[in-house]
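# Coordinate analysis (summary)
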Amino acid sequence: MTDGARLATQPGVRPREAATHCPYCALQCGMVLRETAGRVEVTPRDFPTNRGGLCQKGWTAADLLDHPDRLTTPLLRDRPGGELRPASWDAALDRVAGGLRAIQERHGRDAVAVFGGGGLTNEKAYALGKFARVALGTRHIDYNGRWCMSSAAAAGMRAFGVDRGLPFPLADLGRADTLLLVGANPAETMPPLMRHLADQRARGGRLIVVDPRLTATARQADLHLQPLPGTDLAVANALLHIALTEGWIDRAYVADRTTGFDEVRRTVAGCWPAEAERLSGVPVADLEATAWALATVDRAVILTARGAEQHAKGVDTVTAFINLALALGLPGRPGSGYGCLTGQGNGQGGREHGQKADQLPGYRRIDDPAAREHVATVWGVDPAVLPGPGVPAYQLLDSLGTTHGPRALLVFGSNPVVSAPRAARVESRLRDLDLLVVADFLRSETADLADVVLPVAQWAEEDGTMTNLEGRVLRRRALREPPPGVRTDLAVLAALAARLDAPGAFPADPAAVFEELRRASAGGPADYAGVSWDRIDADTGVFWPCPDEDGPDTPHLFAHRFPTPDGRARFRAVTHRPAAEPVCADYPLHLTTGRVLAHYQSGAQTRRVAALRRAAPGAFVELHPDLAGRLGVAEGEEVRVVSRRGELRAPARLSPAIRPDTVFAPFHWPGAARANSVTNDAVDPVSGMPEFKICAVRVERA
Ligand code: SF4
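Residues numbered from 1 in each chain as written. Predicted model: local features only at pLDDT ≥ 70, side-chain atom pairs only at ≥ 80, totals over all residues. Heavy atoms only, no water.

Strand order in the open sheet formed by three strands is β19-β20-β21, and the pairing between neighbours is antiparallel. The open sheet has two edge strands, β19 (464–467) and β21 (542–543), and neither has a second partner. Packing against the sheet, helix α4 (residues 122–136) makes contact with β19 and β20 (472–476), and its axis sits at approximately 95° to β19. (Pairing = 2+ DSSP bridges. Helix = DSSP H or I, 4+ residues; strand = E, 2+ residues; numbered from the N terminus. Contact = heavy atoms within 4.5 Å. Axes fitted to C-alpha atoms, helices over the stretch in contact; angles between N-to-C directions.)

Structural data, given as structure tokens:
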């Protein structure tokens, strides 16, 4: 029996300690929470992903449980422009239900929209999707995970017929002879993951990092390729060109396990390494060394993350790296493969169970008649009442309050005022709504705009499941009850469904929701039918697909076939194209955005943790000293970064780690330092991923 199960199943009253997982990123590090005299202490727990490690965010996660900013009563705004005031739950829920009804009666079902988050448990993501389709009958639901991994998800579906971030356990990284990380900086975003990379290095493995910045991860690499943002696709095609030229293609694998290679071969034949060097700045010699390191070893792994994916060509960029992996025969080969490092805590599970505009639980498509029939039967409704697909997150937010867009929005676990691209425009759209409802445990910048704020439970106050970056389903275990005045998200949805006279059941008990989720996912690509809480407790989680409670789970995918109709992976020819917004005389520099070690996503949580605030008190703009010299900017001096959409102001941080033609800003801060005031809202045509990673700017002394 695992530590988690032992602690979770002690007889008697609720244990004052719980073996659970960190509330933040997709590594879902194991931790134990102990409450003594009202104080909650976090200690790391040995788990396959973190192997006893935690980052500073995990160590301090409990600081928010009793934080003075904690919301413990609903808030209502009586009139536009008025102040939020405390209210009873009945008054708040009546206002929400009454408002939703009135708007739908006047403008139709789709006049109400739902926006979820990649941090919600599987149970909450599932219930939210069901609530939107059944209780509200709206097609408009999407979530902030769209901005996290949707390009890798779409490319994975296109190539492999399934989207699971890593198709193998994280421990496999430690055995890779060569590991290529593209646009990933785990030393800052997921520090305990570096333990696996340390293993890999200790065994003599090679680490190659592709990143426009010399990051903490890139400093540890044997080889750092430092391309211009937005040119990763050209780099990938050049690597495949070299592999073809050198005769390093795994021809038997390509013949037996794939389709579509001939067109890719013809396409990349024209992708000359010298041209890739011209576009990206990566020397041909480094491209050759990388191709050689991947192609001439037994075990090679290619991983992408947001740096490669958050582009208007993110899907094609990931596809180019998948093409390279397939040509080298990596996916499904023991110890080798392609994967994506998912970012948000339940980014993986959140996209499997119905928060995405085009999906039903189990990763079923909402436009598939058989899928609609199956899920409608579980939900006890006629398939005909289920709406069709909605639109991706940015398109949804950009339509709010417009003539044909939704008039009301319910937000659960997200803070788009800080995290959305072109955020000032999104903020303005939110202000145009007739009704904005935010469920959160802190007053985020989005909650500040709401008509109704509903105070909900935190991670240590709820049970449920999360699915980490490996596709491993984990147990989140409650340490304590929510404080008086606070309800769980599931209880909120249940109460609203009752007020809306929704058909079907909306249980507030997460165990009951999970049992329903199992049935709804049964037979789908992300099949959880064989996953039970007891089974998770008895081991270190369960990898989906797991269709049978008595059968095995699936740590490794693709060993013998791909889940496509013919069992083969699909190559797809892709070519480089420029960024959506080229630099010009007025905006001569590239801006790229990202994260810092101490903060998470929009920062609504981590900015309130004193230790994290001390570690990273504010935003900054990273510039190369040569660029700073040309602009006359000194270290620490406030600068303006201006794009066609807006500006941000923050102190300059001079560093030779960044290219002289590019500046970097973290996106965790609101107000004048908000990086997303500047970012581009161009989106990938397949995934809907906005181009967070590159836009044209100028930098001025403030
Ligand atoms: S933020 Fe991520 S890496 Fe840090 S402790 Fe939490 S799960 Fe682990």
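What follows picks up the thread again.
In the vicinity of the ligand, the contacting residues are Cys22, Tyr24, Cys25, Leu27, Gln28, Cys29, Leu54, Cys55, Lys57, Gly58, Met190 and Pro192. Of the residues that constitute the shell around the ligand, the class distribution is nine nonpolar, two polar and one charged. (Near = heavy atom within 4 Å. Nonpolar A, V, L, I, M, F, W, Y, C, P; charged D, E, K, R; others polar.)

The next point concerns the confidence of the model for the chain. Averaged over all residues, the pLDDT of the chain is 95; the fraction at 70 or higher stands at 98%. Low pLDDT, under 50, characterises residues 1–13; the stretch is placed with 22 contacts to residues that sit more than four places away or in other chains. (pLDDT = per-residue confidence, 0-100.)

This part is about the environment of Met689. With respect to the secondary-structure elements, Met689 resides in the loop between β27 (662–666) and β28 (695–701). The exposure class assigned to Met689 is buried, which follows from its relative accessible area of 0%. Residues Met689 and Glu277, 412 residues apart in the sequence, show an inter-C-alpha distance of 26 Å. Apart from residues lying up to four places away in sequence, Met689 is in contact with Arg146, Trp147, Cys148, Met149, Ser150, Ser151, Glu309, Gln310, His311, Ala682, Val683 and Asp684. (Buried < 20%, exposed > 50% of the residue type's maximum accessible area, 1.4 Å probe, protein only.)

Two quantities define a packed helix pair, namely the angle between the helix axes and the distance between the axes. Between helix α8 (residues 232–245) and helix α14 (residues 314–327), the least distance of the axes is 8 Å, while the angle of their chain directions is 15°. In terms of orientation, α8 and α14 fall into the roughly parallel class. Here α8 runs over α14; the crossing is left-handed. Between α8 and α14, the contacting residues are Asp232, Leu233, Ala236, Asn237, Leu239 and Leu240 on the first element and Asp316, Thr317, Ala320, Phe321, Asn323, Leu324 and Ala327 on the second. For the contact of α8 with α14, the per-class residue count stands at eight nonpolar, three polar and two charged. (Parallel < 35°, antiparallel > 145°, perpendicular 65-115°, else oblique. Left-handed = near helix turned anticlockwise from the far one by under 90°.)

To continue, consider the pairing of strand β1 (residues 17–21). Burial analysis of β1 places five of its five residues in the buried class, the great majority of the element. Here β1 shows no split at all, with Glu17, Ala19 and His21 on one side and Ala18 and Thr20 on the other all buried. Where β1 meets strand β2 (residues 30–36), five bridges bridge the pair, whose relative direction is antiparallel. Counterpart to His21 in the pairing with β2 is Gly30.

Now for the sheet that holds strand β7 (residues 141–143). Spatially, the seven strands line up as an open sheet ordered β5-β4-β18-β17-β16-β6-β7, and their pairing is mixed. Each having just a single partner strand, β5 (84–86) and β7 make up the two edges of the open sheet. For this sheet, the mean angle separating the axes of adjacent strands, direction not counted, is 20°. Pairing analysis gives three bridges linking strand β4 (residues 75–77) to β5, with the strands arranged antiparallel. Paired with Arg77 across the strands is Leu84, a residue of β5. Across the sheet, helix α3 (residues 89–107) touches β4, β6 (112–116), β16 (408–412), β17 (435–440) and β18 (452–455), and the angle it forms with β18 is around 130°.

As a further point, take the packing of aromatic side chains. For the structure on display, the rule yields 12 aromatic pairs. Ring plane angle 15° and centroid distance 5.8 Å describe the contact between Phe160 and Phe562, whose orientation is recorded as stacked. Note that Phe160 is positioned in helix α5 (residues 150–160) and Phe562 in the loop between β21 and β22 (569–570), a separation of 402 residues in sequence. On the basis of relative accessible area, Phe160 is assigned to the buried category, the value being 4%. Centre to centre, the rings of Phe261 and Phe571 are 5.0 Å apart; their planes meet at 55°, and the pair counts as tilted. Residue Phe261 is located in helix α10 (residues 261–269), and its partner Phe571 is located in the loop between β22 and β23 (589–594); the two are separated by 310 residues in the primary sequence. Among the aromatic side chains, those forming a connected cluster through ring pairs are Phe160, Tyr338, Phe558 and Phe562. One residue, Lys130, lies across the ring of Phe506, its end atom 4.9 Å from the ring centre. Above the plane of the ring of Phe620 lies Arg653, whose end atom (NZ or CZ) is 3.6 Å from the centre. (Phe/Tyr/Trp six-rings, centres within 6.5 Å; stacked < 30°, edge-to-face > 60°. Lys NZ or Arg CZ within 6 Å of the ring centre and 35° of its normal.)

We now examine α14. Structurally, the α-helix is built with 3.6 residues per turn, so residues lying three or four positions apart point the same way. Helix length check: α14 (14 residues) gives 20 Å between terminal C-alpha atoms against 20 Å at 1.5 Å per residue, within 8%. Among the 14 residues that make up α14, 14 are buried, leaving the element largely enclosed by the rest of the structure. Immediately downstream of α14, the backbone of Gly329 shows phi near 75°, a positive value. (Expected span 1.5 Å × (residues − 1).)

Here the focus is the environment of Leu648. Looking at where Leu648 falls in the secondary structure, it is placed in strand β26 (residues 647–654). Residue Leu648 is classed as buried on the basis of its relative accessible area of 1%. On a C-alpha basis, the gap between Leu648 and Val268 in space is 40 Å, while along the polypeptide they are 380 residues apart. Sequence-distant contacts of Leu648, defined by excluding residues within four places in its chain, comprise Val621, Val639, Arg640, Val641, Ala665, Ala672, Ala673, Arg674, Ala675 and Val678.

What follows concerns the packing of α4 against helix α20 (residues 489–499). Orientation of α4 relative to α20, taken along the N-to-C sense of each, is 20°, at an axis distance of 10 Å. Classified by the interaxial angle, the pair formed by α4 and α20 is roughly parallel. The chirality of how α4 crosses α20 is left-handed. Side by side, α4 and α20 meet where Glu123, Lys124, Ala127, Leu128 and Phe131 of the first sit next to Asp489, Leu490, Leu493, Leu496 and Ala497 of the second. Grouping the constituent residues of the contact of α4 with α20 by class yields seven nonpolar, no polar and three charged.

This part covers the state of the cysteines. A complete count under the given rule lists zero disulfides for this structure. Cys148 forms no disulfide, and the closest cysteine sulfur to it belongs to Cys340, at a distance of 7.3 Å. For Cys148, a relative accessible area of 5% puts it in the buried group. (Disulfide = S-S within 2.5 Å.)

That bond from Trp544 to Pro545 is cis: its omega, -5°, falls within 30 degrees of zero. With respect to the helices and strands, Pro545 occurs in the loop between β21 and β22. Unusually for a residue other than glycine, Tyr363 sits at a positive phi of about 65°. Along the polypeptide, Tyr363 turns up in the loop between β14 (359–360) and β15 (364–365). We classify Tyr363 as buried; its relative accessible area is 7%. The backbone of Arg422 sits at a positive phi, close to 45°, despite the residue not being glycine. Within the secondary structure, Arg422 sits in the loop between α18 (416–419) and α19 (423–431).

The next subject is the pattern of salt bridges. A pair can form between side chains of opposite charge whenever their charged atoms are brought close. Taken as a whole and assessed by the stated rule, the structure comprises 51 salt bridges. In this structure, Asp501 and Arg101 form a salt bridge, with 3.1 Å as the shortest nitrogen-oxygen distance. Within this pair, whereas Asp501 is found in the loop between α20 and α21 (510–521), its partner Arg101 is found in helix α3, the two being separated by 400 residues in sequence. Classification of Asp501 as exposed rests on a relative accessible area of 63%. Measuring nitrogen to oxygen at the nearest pair gives 2.8 Å for the salt bridge that ties Arg674 to Glu427. Of this pair, Arg674 sits in the loop between β27 and β28 while Glu427 sits in helix α19, and the two are 247 residues apart along the sequence. Linked by salt bridges that have partners in common, Glu638, Arg640, Glu647, Arg649, Arg698 and Glu700 make up one network. (Salt bridge = Lys/Arg side-chain N within 4 Å of Asp/Glu carboxyl O.)

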